[in-house]
Amino acid sequence: MSKKCTCGFQGTPPHEDIYDCIEYEEVQSGKKKGQWMIDWAKKSKKSEAKRKPSGFNAWVDKSEKKG
Ligand SMILES: [Zn+2]
């Protein structure tokens, strides 16, 4: 078992890094392999939006409340 493996996987190929463990656990729980990356990309897009000028956020807030 690789030292870098956090999930305890003992098969082959051995997990080389944390992402192997994440993807392995995804497959085990019936998720799509690589879903974590998609979720992560979505999250980072969200936090990017938060960093936009306050004028933009104000506009988004307004239009969200309207809807
Ligand atoms: Zn692992």
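Residues numbered from 1 in each chain as written. Predicted model: local features only at pLDDT ≥ 70, side-chain atom pairs only at ≥ 80, totals over all residues.

*Asks:* Go over the overall build of the protein chain with me, naming the residues and quoting the values.
*Replies:* What the protein chain contains, in helices and strands, is three helices and zero strands. Of the regular secondary structure in the protein chain, the N- to C-terminal order runs α-α-α. Taking all 67 residues of the protein chain together, the buried fraction comes to 1%. Excluding contacts between residues fewer than 6 apart, the proportion of contacts in the protein chain whose partners are at least 24 apart in sequence is 0%. (Helix = DSSP H or I, 4+ residues; strand = E, 2+ residues; numbered from the N terminus. Buried ≥ 20, exposed ≤ 12 C-beta atoms within 10 Å, placed from the backbone. Contact = placed C-beta atoms within 7 Å.)

*Asks:* Before we move on, can you summarise unusual backbone geometry with the specific residues and values?
*Replies:* Trans is the common state for peptide bonds, and a negative phi is the common state for residues other than glycine. Omega for the bond connecting Thr 12 with Pro 13 falls within 30 degrees of zero, at -5°, which places this linkage in the cis form. With respect to the helices and strands, the residue Pro 13 is situated in the segment before helix 1 (18-28).

*Asks:* Give me helix 2 (residues 35-50): which residues, what numbers.
*Replies:* An α-helix turns once per 3.6 residues; consequently, residues spaced three or four apart project the same way. Across its 16 residues, helix 2 extends 23 Å between first and last C-alpha, which sits within 8% of the 22 Å expected from 1.5 Å per residue. Counting buried positions along helix 2 gives zero out of 16 residues, so the element sits mostly on the surface. (Expected span 1.5 Å × (residues − 1).)

*Asks:* So what's going on with the confidence of the model for the protein chain? Residues and values would help.
*Replies:* For the protein chain, mean pLDDT is 83; residues scoring 70 or higher make up 90% of the total. Mean pLDDT in the protein chain bottoms out at helix 3 (residues 54-66), which sits at 74, and peaks at helix 1, which reaches 91. (pLDDT = per-residue confidence, 0-100.)

*Asks:* An account of the environment of Glu 16 is requested, with residue identities and associated values reported.
*Replies:* Along the polypeptide, Glu 16 turns up in the segment before helix 1. Sequence separation of Glu 16 and Cys 5 is 11 residues, and the distance between their C-alpha atoms is 6.7 Å.

*Asks:* I'd love a proper account of the environment of Asp 20, names of residues and values included.
*Replies:* Locating Asp 20 in the fold gives a position in helix 1. Counting along the chain gives 11 residues from Asp 20 to Phe 9, while the straight-line C-alpha distance between them is 9.6 Å.

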